[in-house]
Amino acid sequence: MTLSTHLRIVGVLLMLLGLSHAFFNRYFRWEEELSTVSLLTRRIFFVHSFFIGLGVALCGALSFFYADALLQPTALNRAILAGTAAFWLCRLLAQFLAYDAAIWRGDRFRTFMHVAFTTLWCYVSAVYAMAFIDV
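Residues numbered from 1 in each chain as written. Predicted model: local features only at pLDDT ≥ 70, side-chain atom pairs only at ≥ 80, totals over all residues. Heavy atoms only, no water.

Draft legend 1. The arrangement of the state of the cysteines in detail. Summed over all chains, the structure comprises zero disulfides. Free of any disulfide, cysteine 90 has its nearest cysteine sulfur in cysteine 59, 13 Å distant. Free of any disulfide, cysteine 122 has its nearest neighbouring cysteine sulfur in cysteine 90, separated by 14 Å. (Disulfide = S-S within 2.5 Å.)

Draft legend 2. The pattern of salt bridges, seen in detail. Overall, the coordinates contain three salt bridges when judged by the stated rule. Here arginine 8 makes a salt bridge to aspartate 68, at a shortest N to O gap of 3.2 Å. Of this pair, arginine 8 sits in helix H1 (residues 3–28) while aspartate 68 sits in helix H4 (residues 67–70), and the two are 60 residues apart along the sequence. Relative accessible area serves as the criterion here: at 27%, arginine 8 is assigned to the partly exposed category. Residue aspartate 68 is classed as partly exposed on the basis of its relative accessible area of 42%. Between glutamate 31 and arginine 43 there is a salt bridge, with the nearest N and O atoms lying 4.0 Å from each other. Of the two residues, glutamate 31 is situated in helix H2 (residues 30–33) and arginine 43 in helix H3 (residues 39–65); the sequence distance between them amounts to twelve residues. Residue classification places glutamate 31 among the partly exposed positions, given a relative accessible area of 40%. (Salt bridge = Lys/Arg side-chain N within 4 Å of Asp/Glu carboxyl O. Helix = DSSP H or I, 4+ residues; strand = E, 2+ residues; numbered from the N terminus. Buried < 20%, exposed > 50% of the residue type's maximum accessible area, 1.4 Å probe, protein only.)

Draft legend 3. Region of the structure containing a nonpolar patch on the surface. A cluster of nonpolar residues, Val47, Phe50, Phe51, Leu54 and Leu58, forms a patch on the protein surface that exposes about 490 Å² of accessible area. Of note, valine 47 is situated in helix H3. With relative accessibility at 43%, the residue valine 47 sits in the partly exposed group. (Patch = residues over 30% accessible without salt bridge, like charges linked within 9 Å, V, L, I, M, F, W, Y side chains within 5 Å. Areas by Shrake-Rupley, 256 points an atom, 1.4 Å probe, with all protein chains shown as cover.)

Draft legend 4. The packing of helix H5 (residues 75–97) against helix H6 (residues 108–134), seen in detail. Packing of H5 against H6 leaves a shortest axis separation of 8 Å and a crossing angle of 160 degrees. Classified by the interaxial angle, the pair formed by H5 and H6 is roughly antiparallel. The two elements H5 and H6 meet at a crossing, and its hand is left-handed. For the pair formed by H5 and H6, the contact residues are Arg78, Leu81, Ala82, Thr84, Ala85, Trp88, Leu89, Arg91, Leu92, Gln95 and Phe96 on the first element and His114, Phe117, Thr118, Trp121, Cys122, Val124, Ser125, Tyr128, Ala129, Ala131 and Phe132 on the second. When grouped by side-chain class, the residues that make up the contact of H5 with H6 number 15 nonpolar, five polar and two charged. (Axes fitted to C-alpha atoms, helices over the stretch in contact; angles between N-to-C directions. Parallel < 35°, antiparallel > 145°, perpendicular 65-115°, else oblique. Left-handed = near helix turned anticlockwise from the far one by under 90°. Contact = heavy atoms within 4.5 Å. Nonpolar A, V, L, I, M, F, W, Y, C, P; charged D, E, K, R; others polar.)

What follows is the structure, encoded as structure tokens:
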């Protein structure tokens, strides 16, 4: 498979992940979970969640629709790919540094999701890093 194809696969995965943020509120029962915090804090939380989902989806759209253009050797593409690789590498590190193992250990579904998302962050980070190196 070509690097362009991998960028497109990452694009689809990120667009799906970004769109899935629309269901997080219901799945994680955030209204109930956040009922004890102030209205301002609750709204900031939801607004940030929306923009994270939008950012992830747009990053995916960029990779899917402009994979070949991103692989052209320009300074702008190198900057975009370096920043994107760094962003997703930080997300991979957060998987281990921000989420305590007590959240998923002993729960089959959460352990599966931990492994699945760790694999996703490794793949996404590696694809953007390889694209950066290639350009």
